[in-house]
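# Overview (structure and organization)
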Amino acid sequence: MSKDSSSLPVALVAVLAPLPRPLSYRVPSRLADRLQIGSRVRVPLGRRQAIGYVVELSAAAEGDLREIGELLDDRPLFNAGHAAFYRKAADYYAYPVGEAVRTALPAGLSGRGAQPVILSDRLYRPTEHDDPGRGPRQQELLAAIRARGSRLLSELRQQFPAPHATLNRLVELGLLTVDTVERRRDPFASDIVPHPPPALNPEQQQALAELAELVDQLPAFAPVLLHGVTGSGKTEVYLQTIAMILARGRQALVLVPEIALTPQLVARFRGRFAAAGVRLAVLHSGLSDGERFDAWRAAIAGEIDVIIGARSAIFAPLPRLGLIVVDEEHDASYKQSEAFRYNARDLALLRGQQDGAIVLLGSATPALTSYRHAHDGRYRFLRLPQRSSGQPLPEIALVDLSGAPLAGGLSPELGQALADTVTAGEQALLLLNRRGYAPFLLCHDCGATLRCPNCAITLTYSRVEQGLRCHYCDFRLRPPETCERCHGANLLPEGQGTERLEEEVRELLPEARVARMDRDTTTRKGAHLRLVEQMARGEIDVLIGTQMIAKGHDFPAVTLVGVLNADTGLNLPDFRSAERMFALLSQVAGRAGRGTRLGRVLIQTFNPDHHTFDHVVRHDYQGFAEQELAQREALDYPPFGHLVNLVLAGNEPSKVEAAAAELAARLQQQAGAVEILGPAPCLLVRLRGKHRVQILLKARHRPPLRRLIERLQRSELRPSAGVTLTLDIDPLDMF
């Protein structure tokens, strides 16, 4: 190190390693003029080299620091504001900051795989010469370019066959100039269908008036809960609020819970904003690496006005953010279930607070935490209590299955209603929240089932794939001809999944056009959108699906919704099970009766007296929320308390259980105001080959929990070797 190295600036680098804090490195003089916050670098870490991201730059500091080795990109990947947000998010969820930044970045910029190629194009502009050109070919090309002011070669190729030679000649003649520019990959393949603003009802007008007040106060953080029944026109409120944001030179970010919903939403946004020159981008895992790479680069360059995406889009580098919309904010899909276990809805509030933006949470069935905050005045509370079309909400009825004969899983009432609907030329949805043909194969000679060797669960049988599959670790097995235990040949599928229901509905209604929407039928790119478009064109009479069919779809011809196995979700050992089931049933019920005809919903259950069903039938969200919140307050469950789930996992059950018992005992000694529950086996005691035990930390206030978490991060309470410890802050699933 040179004598004057102490005068060189210092960079805080979030290294891709399991480290809770960034590390300090000295900036070498050769990089001092080029290194910025957001730069990706290579740094020494112990005896190896590691990738990291610069999250802070400071003046020279005393001490013998190692130097940054290499700058990996010409431009930074994010700015100082985004760096601060990533660090806050990592700190809140007790996750290594470098790994958190890698999660935020698209593949190719995060160290996961090769960086996508930057595509180039040629941009032609007319010069000041007014010469019309020589011959019809030159004249046509010149006119097309002059009409727009400039044209890309890729665009001209679509309009004119083999234009290269003519364009080169026009450049030689001094009638055109040409520059090489970067070309973005375009994921928007569909045509733009104009979507003009509709007339608003008084409730929508009132909601927009209140949002306009908040827009006028920007930059000022403003959390808002928009509670609107299904079909109340929440999306229109989003669109018109975004228009106000854009008029003030700010940007908007729109989050949806499932990537399958983005094509419909993008089409509607393009139909509204394309004519005004609004620049849209999408960010989600369904895009190619190149498409995500281009969208990210365009966003950091300030070339994007609105981004639409799933949960990971919360990290998008929008420098002038004025509005974050979280549609279907109650949905558990916003919570990442592995690695960096963040909740995009909660991070939206954190980012809105940091950037001085409005955060608009929208739902027909708000999360009880959000409803409580709005009720207490922490969020502004806007309501849309009726459908924008003026149609009433559908009539919901319970079908008691006790002693009822079932045909293909359908009660006589639902079977008849389905037949009547198809005969009338209307459409129906059937919800069965279990995919596959059957949940398991059962030996009818000895009672054995086929189970996943890696997970504590039976293998789901698919007749289409002619195989057995674990939906947790993706273990696959061809069905054996005989039972492995008794060697009997009486292995038969038991229970019902969407695949089997589809088969049985086809047999019941052979004239009906039946389709299925679940993870198995929508894995290919564009498959989900094709099903949606077929429904919209009336080419499907009965659509069968998992909870995917309950989210965000607007099918005006659907007049009947049937729900099978409605009790399953209520029997889970989870204090949120009733909330989840109420939301799912209310959401899928809301798909019925959105057109000119009244809707009808039939829910099959063995437990019609459960209070959840009573509130669903009456469309009584407020009554349900008040009842559930009273129970949670008595037990200090969220939103009245805070939870952290500690999951210990390892190959040897005895070692995991001993480590969990030891950790729980040590936690008890330092618990203070924190209640230590467990250790107890996880609901899935074995997952992907690992034996699992959990300890739940519960506290009325967050600071005592944070102190315990910090001790865990400092390794004061870490388990023994061979056992991993995962922290899940604010857990939603404890399986």
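Residues numbered from 1 in each chain as written. Predicted model: local features only at pLDDT ≥ 70, side-chain atom pairs only at ≥ 80, totals over all residues. Heavy atoms only, no water.

Per the secondary structure count, the protein chain includes 19 helices and 30 strands. Against the globule reference of 27 Å for 735 residues, the protein chain gives a C-alpha radius of gyration of 29 Å, in line with a compact fold. Seen along its three principal axes, the alpha-carbon backbone of the protein chain occupies a region of about 85 × 70 × 60 Å. Across the 735 residues in the protein chain, those meeting the buried criterion constitute 53%. Taking the intrachain contacts of the protein chain between residues at least 6 apart in sequence as the baseline, contacts between residues at least 24 apart amount to 75%. For the protein chain, the accessible surface area stands at approximately 32,100 Å², while carbon and sulfur atoms represent 49% of it. One way to put it: in the protein chain the 87 positive side-chain charges average out to a point 5 Å from where the 83 negative ones average out. (Helix = DSSP H or I, 4+ residues; strand = E, 2+ residues; numbered from the N terminus. Rg over C-alpha atoms; globule rule 2.2 N^0.38 Å. Buried < 20%, exposed > 50% of the residue type's maximum accessible area, 1.4 Å probe, protein only. Contact = heavy atoms within 4.5 Å. Areas by Shrake-Rupley, 256 points an atom, 1.4 Å probe, with all protein chains shown as cover. Lys, Arg positive; Asp, Glu negative; His and termini not counted. Charge placed at Lys NZ, Arg CZ, Asp CG, Glu CD.)

Relative orientation of the contacting elements helix α3 (residues 136-148) and helix α5 (residues 164-172) amounts to 75°, with a least axis distance of 10 Å. With respect to each other, α3 and α5 are oriented roughly perpendicular. Residue-level contacts link Arg137, Gln138, Leu141, Leu142 and Ile145 of α3 to Thr166, Leu167, Arg169 and Leu170 of α5. Split into classes, the residues belonging to the contact of α3 with α5 amount to five nonpolar, two polar and two charged. (Axes fitted to C-alpha atoms, helices over the stretch in contact; angles between N-to-C directions. Parallel < 35°, antiparallel > 145°, perpendicular 65-115°, else oblique. Nonpolar A, V, L, I, M, F, W, Y, C, P; charged D, E, K, R; others polar.)

Averaged over every residue, the pLDDT of the protein chain is 90; residues scoring 70 or more account for 96%. Below pLDDT 50 for its whole length, residues 1-5 participates in four contacts with residues either more than four positions away or in separate chains. (pLDDT = per-residue confidence, 0-100.)

The set of residues buried in helix α14 (residues 527-536) consists of Ala527, His528, Leu531, Val532 and Met535. Along the axis of α14, the buried residues cluster in a sector spanning 140°; they form a single face. In the core, the buried residues of α14 are packed alongside α8 (262-273), β17 (427-431), β23 (514-517), β24 (542-545) and β25 (558-563). (Arc of directions from axis to C-beta.)

Right, let's talk about the pairing of strand β10 (residues 251-255) for a bit. For β10, the tally of buried residues reaches five of five residues, placing the bulk of the element in the interior. Neither face of β10 is exposed, since Gln251, Leu253 and Leu255 on one face and Ala252 and Val254 on the opposite face are all buried. Looking at chain direction, β10 and strand β13 (residues 321-327) are connected through five bridges and run parallel. Its bridge partner lying in β13, glutamine 251 is registered against leucine 321. (Pairing = 2+ DSSP bridges.)

This part covers the sheet that holds strand β27 (residues 642-650). Taken together, the four strands give an open sheet; going across it, the order is β28-β29-β27-β30, and neighbouring strands pair in antiparallel fashion. Every interior strand has two partners, whereas the edge strands, β28 (675-687) and β30 (724-729), have only one. Shown here is a sheet whose adjacent strand axes are inclined to one another by a mean of 25°, direction ignored. Relative to β30, β27 is paired through six bridges, and the arrangement is antiparallel. Bridging across to β30, valine 644 finds its partner in isoleucine 729.

Geometrically, a pair of aromatic rings is defined through the distance of the ring centres and the angle of the planes. Enumeration over the complete set of coordinates arrives at 17 aromatic pairs. Between phenylalanine 582 and tyrosine 621 the ring centres are 6.1 Å apart and the planes differ by 55°, which places this aromatic pair in the tilted class. Here tyrosine 621 lies in helix α17 (residues 621-635) and phenylalanine 582 lies in helix α15 (residues 577-589), a separation of 39 residues in the sequence. Relative accessible area serves as the criterion here: at 7%, tyrosine 621 is assigned to the buried category. Within the aromatic cluster, the residues linked to one another by ring pairs are Phe78, Phe85, Tyr86, Tyr92, Tyr93, Tyr95, Phe315, Phe340 and Tyr342. (Phe/Tyr/Trp six-rings, centres within 6.5 Å; stacked < 30°, edge-to-face > 60°.)

Once that is clear, we can look at the pairing of strand β4 (residues 48-58). Examined bridge by bridge, strand β1 (residues 10-15) and β4 share six bridges and lie antiparallel to one another. Along β4, the bridge assignment pairs leucine 12 with glutamate 56. By the bridge criterion, six bridges tie strand β3 (residues 40-45) to β4 in an arrangement that is antiparallel. If you follow arginine 40 over to β4, its bridge partner there is tyrosine 53.

Pairing is parallel across the open sheet formed by six strands, whose spatial order is β16-β26-β25-β17-β24-β23. With partners counted over all chains shown, the strands left at the sheet margins are β16 (395-400) and β23, one partner each. In this sheet, neighbouring strand axes are inclined to one another by 20° on average, regardless of whether the strands run parallel or antiparallel. Bridge analysis of β23 against β24 gives four bridges, and the strand direction is parallel. The residue of β24 that forms the bridge with alanine 515 is leucine 543. Relative to β25, helix α12 (residues 412-423) is tilted by about 160°, and along the sheet it contacts β16, β17, β24, β25 and β26 (600-605). Here α15 sits on the sheet and contacts β16, β17, β25 and β26; the angle it forms with β25, its principal contact strand, is near 155°.

Before going further, it helps to spend a moment on the environment of arginine 34. For arginine 34, the location among the structural elements is in the loop between β2 (23-26) and β3. For arginine 34, the contacting residues outside a window of four places in its chain are Ser39 and Leu71.

Here we take up the nonpolar core. In terms of nonpolar packing, the biggest core is built from 117 residues, with Ile307, Ile314, Leu646 and Leu697 touching the most fellow members. For this core, the element with the highest residue contribution is α15, accounting for seven residues. Counting 35 residues, the second-largest nonpolar core is a separate cluster that includes Leu211, Leu265, Phe269 and Leu287. (Core = buried A, V, L, I, M, F, W, Y, C linked by side-chain atoms within 4.5 Å.)

Quick look at unusual backbone geometry now. Cis geometry marks the peptide bond from proline 638 to proline 639; its omega dihedral reads 15°. Looking at the secondary structure, you find proline 639 in the loop between α17 and β27. With an omega dihedral of 15°, the bond running from glycine 678 to proline 679 counts as a cis peptide bond. You can see proline 679 is positioned in strand β28. A positive phi is found at histidine 487, a non-glycine position, where the angle reads about 65°. Following the sequence through the fold, histidine 487 ends up in the loop between β21 (476-477) and β22 (491-494). Classification of histidine 487 as exposed rests on a relative accessible area of 59%. Notably, aspartate 730 is not glycine yet its phi reads approximately 55°, a positive angle. As for its position among the elements, aspartate 730 is in the segment after β30. The class for aspartate 730 is buried, based on a relative accessible area of 17%.

Another point: the environment of leucine 468. Following the sequence through the fold, leucine 468 ends up in strand β20 (residues 467-469). Remark: the alpha-carbon pair of leucine 468 and glutamate 652, spanning 184 residues in sequence, is separated by 27 Å. Other than its neighbours up to four places away in sequence, leucine 468 contacts Leu441, Leu450, Leu459, Thr460, Tyr461, Phe475, Arg476, Leu477, Pro479 and Pro480.

Another aspect to go through is the side chain of glutamine 391. As for its position among the elements, glutamine 391 is in the loop between β15 (380-384) and β16. Note on glutamine 391: relative accessible area 18%, which makes it buried.

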